[in-house]
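Descriptive structure summary
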Amino acid sequence: MNSVISVWYNQAMNILYTTKCKKAEIDYYLDKPLIQDNPEIETSVRSIISDVQKNGDAALFKYIRRFDCPDADSLIVSTEEIEYAYTQIDADLLNSIKAAKDNIVSFHKKQLRSSWIDLDDNGRLLGQLIRPIEKAAVVVPGFQAPLPSSVLMGALPAKVAGVSEVYISTPPRKDGSVHSAIIAAAMEAGVDKIFKIGGAHGVAALAYGTETVPKVDKIVGPGNIYTTMAKRFVFGHVGIDMLAGPSEIVILADESAVPAYVAADMLSQAEHDSDARSILITVSESLAVKVAEEIEKQIIKLSRESIARESLKHNGAIIIASNMNEAVSMVNKAAPEHLELAVSDPINTLCSIKNAGAVFLGNYTTESLGDYIAGPNHVLPTSATARFSSPLNVDDFIKKSSVIMYSHTALIEDAASTITIAEAEGLDAHANAVKVRMKDK
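Every value quoted in this text rests on a predicted model; they were computed, and no experiment measured them.

1. A closer look at the confidence of the model for the protein
Overall, the predicted model of the protein reaches an average pLDDT of 94, with 96% of residues at or above 70. Scored below 50 in pLDDT, residues 1-11 makes 28 contacts in the model with residues more than four places away or belonging to other chains.

In structure tokens:
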């Protein structure tokens, strides 16, 4: 950090100039590894997974009582608990959950695709079957505040895709309960069961199954380093959506941006945790200074001020580019989870964006809308994985099977090329499987 050429404004924000900094100094903020190697955590997670595989429910209760609820005696949210949750949830929150559900379902229904089959005149039939997976689970973190949005974003695309059984796995609170907002969101999303299990042990249970928890085909959803590491280790036995790193936002802004809006959105990421990344890339030095000053005004009003300050200190920056082309190039290099285009012509600028999880256009499109209500999924690729991966979507819950059928006429037409390639690879039996059929008729 000491090598970074920077200017501090009331200790709130780090400003860097591309014309004055070395490439490595800029890359410190743009390049963040997905998962840091941590042998101690890896060993712990592998041990937990092995224990759950061997001992099932007994292992689950051991870890739940150790990490979450000392007196845990149930792994599943009961019908009575569901009914009670609906008497406890705030009416405005429930209505907001329902509104978000409608938008999320509407958006994801547009992603649906159909199976198809083509048949040519020679009797060659080719096609693709699209089928939903049978069982999916959404892991929902157990932070201090409930995360009903994570329930909706994980479960609803699965339901839209046609998944038969969708489960939620979330750690219980100290008293053994699950927050009413989590339960209500799960019920509104059509979830079949809610398991009171979190962390690496929850992932292991879903991947391998226990006496109570069924083995699923895919596990999706965010979590801490233990959950993420567990997803990494069980992949192959079960599908996963992605390995998610800390949350991040990059804002590309010019002179048309409103400093207060930019500052507010940077802080909305910084308050997640100290590893969250908030970056402003701009061509305007004047905007940079105003945003830094605005951050200091707003940060002192936050309940999570200390977390936000740590995040900005270690992972936040305002980068002043020499021109817009350089700024866009840095955005594409960062391939951010969230990208805001606070520029005068966001639609035209969008054409230059190659890598981003979700893109928010214009001064009034705060990233918070995407987190909760707009409809697109908020489970997004982080740590530059947007270079090759996509937001959670309906395709994550379907599988495709190729369909092939040849008539004898079609076989004869493609026989020579098939035999030639097979023999070139030294696979005589492959070639013979075609030759024996050519003798028919």
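2. Considerations on a nonpolar patch on the surface
On the surface, a nonpolar cluster with roughly 290 Å² of combined accessible area is contributed by L126, I404 and Y406. Tracing the chain through its elements places I404 in strand β15 (residues 398-406).

3. Some thoughts on the sheet that holds strand β4 (residues 124-132)
The strand order β3-β4-β15 describes an open sheet built from 3 strands, whose pairing is antiparallel. The sheet is open, and its two edges are formed by β3 (116-119) and β15, each paired on a single side. The mean inter-strand angle of the sheet, taken between neighbouring strand axes irrespective of direction, is 10 degrees. Across 9 bridges, β4 lies against β15 in antiparallel orientation. If you follow R124 over to β15, its bridge partner there is Y406. Against the sheet, helix α16 (residues 408-424) touches β4 and β15, its axis set at about 95 degrees to β15.

4. Here we look at the pairing of β4
Examined bridge by bridge, β3 and β4 share 4 bridges and lie antiparallel to one another. The residue of β4 that forms the bridge with I117 is G127. Where β3 folds back on β4, the antiparallel hairpin that results is connected by 4 residues, among which G123 adopts a positive phi of roughly 85 degrees.

5. Here we look at the packing of helix α5 (residues 91-109) against helix α6 (residues 148-161)
Viewed as axis vectors pointing N to C, α5 and α6 meet at an angle of 35 degrees, and their least axial separation amounts to 9 Å. Viewed along their axes, α5 and α6 form a crossing whose handedness is right-handed. Facing I97, A100, K101, I104, V105, H108 and K109 of α5, the residues of α6 in contact are P148, L152, M153, L156, P157 and V160. Residue composition of the contact of α5 with α6, grouped by class: 10 nonpolar, 1 polar and 2 charged.

6. Points about the packing of aromatic side chains
Per the stated rule, a full pass over the model turns up 4 aromatic pairs. In this structure, K20 is placed above the aromatic ring of Y17, and the distance from its NZ or CZ to the ring centre is 4.3 Å.

7. A look at the packing of helix α10 (residues 259-270) against helix α11 (residues 285-299)
At a closest axis distance of 8 Å, the pairing of α10 and α11 adopts a crossing angle of 55 degrees. Taken as axis vectors, α10 and α11 run oblique relative to one another. As for the relative orientation of α10 and α11, their crossing is right-handed in sense. On α11, the residues touching P259, A260, V262, A263, A264, M266 and L267 of α10 are L287, K290, V291, E294, I295, Q298 and I299. Across the contact of α10 with α11, the residue classes break down as 11 nonpolar, 1 polar and 2 charged.

8. Side note on unusual backbone geometry
Note: most peptide bonds trans; most residues except glycine with negative phi. In the Ramachandran plot, A335 falls in the positive-phi region, its phi being about 45 degrees despite a non-glycine side chain. Along the polypeptide, A335 turns up in the loop between α13 (324-334) and β13 (338-342). A positive phi angle, near 55 degrees, is found at S383, a position not held by glycine. Positionally, S383 belongs in the loop between α15 (367-372) and β15. Since its relative accessible area comes to 9%, S383 is described here as buried.

9. Some details on the environment of A72
Looking at where A72 falls in the secondary structure, it is placed in the loop between α3 (57-67) and α4 (79-88). A72 gets classed as buried once you look at its relative accessible area, which sits at 8%. C-alpha of A72 to C-alpha of D175: the two residues are 103 residues apart in sequence and 8.0 Å apart in space. Every residue in contact with A72, bar those within four places of it in the chain, is listed here: F61, I64 and R65.

10. Examining the sheet that holds strand β9 (residues 239-240)
The strand order across the open sheet formed by 5 strands is β7-β6-β5-β8-β9, and the pairing between neighbours is parallel. In the strand order of this sheet, the two ends are held by β7 (193-195) and β9, each with one partner. Here strand β6 (residues 165-169) runs beside β7; their pairing, made up of 3 bridges, is parallel. Counted as the bridge partner of S169 is F195 from β7. Packed onto the sheet, α6 meets β5 (135-139), β6 and β8 (218-220) and runs at close to 165 degrees relative to β6.

11. Looking at helix α7 (residues 180-188)
For α7, the tally of buried residues reaches 8 of 9 residues, placing the bulk of the element in the interior. Residues of α7 that are buried include every one of S180, A181, I182, I183, A184, A185, A186 and E188, and no others. Looking at the buried side of α7, the elements it contacts are α4, α5, α6, β6 and β7. Looking at the residues trailing α7, positive phi occurs at G190, about 80 degrees.

12. As for helix α8 (residues 199-208)
Taken across its 10 residues, α8 has 8 buried, putting it largely inside the fold. Within the sequence span of α8, burial applies to A200, H201, G202, V203, A204, A205, L206 and A207. For α8, the secondary structure elements touched by its buried residues are α2 (39-55), α3, β5, β6, β8 and α9 (225-234). Two residues or fewer past α8, G209 is found with a positive phi of approximately 85 degrees.

13. Thoughts on the nonpolar core
Counting 42 residues, the largest nonpolar core has L152, I168, V191 and F397 as the members making the most contacts within it. Of all the secondary structure elements, the ones that give two or more residues to this core are α4, α5, β5, α6, β6 and α7. In terms of residue count, the dominant contributor to this core is α6 (8 residues). Core analysis: the second largest hydrophobic core is formed by 32 residues, A59, A72, A137 and V216 among them.

About the cut-offs
All residue numbers refer to positions counted from 1 along the written sequence of the respective chain. The model is predicted, so local features are restricted to residues of pLDDT at least 70 and side-chain atom pairs to those at 80 or more, both for listing and for counting; the totals for chains, interfaces and linings are taken over all residues. To get the side-chain values, all heavy atoms of the structure are used, and hydrogens and water are removed first. The predictor attaches a confidence to each residue, called pLDDT, with possible values from 0 through 100. By the convention used here, residues are in contact when the closest approach between their heavy atoms is within 4.5 Å. Without a salt bridge and with relative accessible area above 30%, a residue can belong to a patch; like charges are then joined within 9 Å and nonpolar side chains (Val, Leu, Ile, Met, Phe, Trp, Tyr) within 5 Å. Only the protein chains shown count as covering a residue, and every accessible area follows the Shrake-Rupley method with a 1.4 Å probe. For this analysis, a salt bridge means a side-chain nitrogen from Lys or Arg found within 4 Å of a carboxyl oxygen belonging to Asp or Glu. A run of DSSP states H or I qualifies as a helix once it reaches four residues; a run of E qualifies as a strand once it reaches two. Both are numbered from the N-terminal end. DSSP calls a pair of strands paired once it identifies at least 2 bridges connecting them. Axes, fitted as lines to C-alpha atoms, cover a helix only where it is in contact. Angles between the N-to-C directions of the axes lie from 0 to 180 degrees. Crossing handedness follows the turn of the near helix against the far one: under a right angle anticlockwise gives a left-handed crossing, and clockwise gives a right-handed one. Throughout this entry, Asp, Glu, Lys and Arg are counted as charged residues, while Ala, Val, Leu, Ile, Met, Phe, Trp, Tyr, Cys and Pro are counted as nonpolar. The remaining residues, Gly among them, count as polar. Stacked, tilted and edge-to-face pairs are distinguished by plane angle, under 30 degrees for stacked and over 60 for edge-to-face with tilted covering the rest, among Phe, Tyr and Trp rings (Trp via its six-membered ring) whose centres lie within 6.5 Å. Working rule: Lys NZ or Arg CZ, within 6 Å of ring centre, within 35 degrees of ring normal, means a charge sits over the ring. Under this scheme an angle from 65 to 115 degrees is roughly perpendicular, one under 35 degrees roughly parallel, and one over 145 degrees roughly antiparallel; angles in between are oblique. Under the scheme applied here, a residue whose accessible area is under 20% of the maximum for its type counts as buried, over 50% as exposed, and between as partly exposed, the area being computed with a 1.4 Å probe on protein chains only. Side-chain atoms within 4.5 Å are what join buried Ala, Val, Leu, Ile, Met, Phe, Trp, Tyr and Cys residues into a set we call a nonpolar core.

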